[in-house]
Amino acid sequence: MLTLVKKCIICDKPAEFSVKGSSAYYCVDCAKENFANLDLLQRVEEQAKKLKEAIKEQAE
Ligand SMILES: [Zn+2]
């Protein structure tokens, strides 16, 4: 079982953003609090979605 879901480094919720070039992950709330410009961050949402679909395909 793949466990690639990242957690927010501040509040431990599932992270939706990561900092480019680093391994710091943030949930939406913490990202908004800590970064004025979310363009500086990468979305991990898309990755997670693809991962879910891949798992679903394997299960069917
Ligand atoms: Zn958080």
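Because the structure is predicted, anything quoted here is derived from the model rather than measured.

Undergrad: Hey, could you go over the nonpolar core for me, with residue numbers and the actual values?
TA: Grouped together as the largest cluster of nonpolar side chains are 10 residues: Cys8, Phe17, Val19, Ala24, Tyr26, Cys27, Cys30, Ala31, Phe35 and Leu41. Counting only elements with at least two residues in this core, the list comes to strand S1 (17-19) and helix H1 (28-34). In this structure Cys27 touches Cys8, Cys11, Lys13, Pro14, Ala15, Glu16 and Phe17, once residues within four positions along its chain are discounted.

Undergrad: Run through the packing of aromatic side chains, naming residues and quoting values.
TA: Two aromatic rings, taken as a pair, are described by how far apart their centres are and by the angle between their planes. Taken as a whole and judged by the stated rule, the model has one aromatic pair. Ring geometry for Tyr26 against Phe35: centres 5.2 Å apart, planes inclined by 75 degrees, an arrangement best described as edge-to-face. Take Tyr26 and Phe35: they sit in the same class, and that class is buried.

Undergrad: Give a detailed account of the coordination of the zinc ion, specifying residues and quantitative values.
TA: Ligation of the zinc ion by protein atoms is provided by Cys8 (SG), Cys11 (SG), Cys27 (SG) and Cys30 (SG), these donors lying 2.3 Å from the ion. In this structure, the zinc ion is coordinated by four donor atoms arranged in tetrahedral fashion, with angles at the metal of 102 to 119 degrees. Binding-site remark: the zinc ion is held by donors from one chain whose sequence spacing is C-x2-C-x15-C-x2-C.

Undergrad: Tell me about the sheet that holds strand S2 (residues 25-26), and please be specific about residues and values.
TA: With respect to topology, three strands assemble into an open sheet ordered S2-S1-S3, the strand pairing being antiparallel. Looking at strand neighbours, the two that pair on one side only are S2 and strand S3 (41-43), the edges of this open sheet. In this structure, S1 lies alongside S2, joined through two bridges in antiparallel fashion. Bridge pairing in S2 places Ser18 opposite Tyr25.

Undergrad: Break down unusual backbone geometry for me, with residues and values.
TA: Although it is not a glycine, Asp12 adopts a positive phi angle of roughly 75 degrees. Among the structural elements, Asp12 can be located in the segment before S1.

Conventions used here
- Residues numbered from 1 in each chain as written.
- Predicted model: local features only at pLDDT ≥ 70, side-chain atom pairs only at ≥ 80, totals over all residues.
- Heavy atoms only, no water.
- Core = buried A, V, L, I, M, F, W, Y, C linked by side-chain atoms within 4.5 Å.
- Buried < 20%, exposed > 50% of the residue type's maximum accessible area, 1.4 Å probe, protein only.
- Helix = DSSP H or I, 4+ residues; strand = E, 2+ residues; numbered from the N terminus.
- Contact = heavy atoms within 4.5 Å.
- Phe/Tyr/Trp six-rings, centres within 6.5 Å; stacked < 30°, edge-to-face > 60°.
- Donors = N, O, S within 2.8 Å, 3.2 Å for Na, K, Ca; no water.
- Tetrahedral: all angles 85-135°; square planar, octahedral: opposite > 155°, others 65-115°.
- Pairing = 2+ DSSP bridges.

Everything listed is a geometric property; what it means functionally is a separate question.
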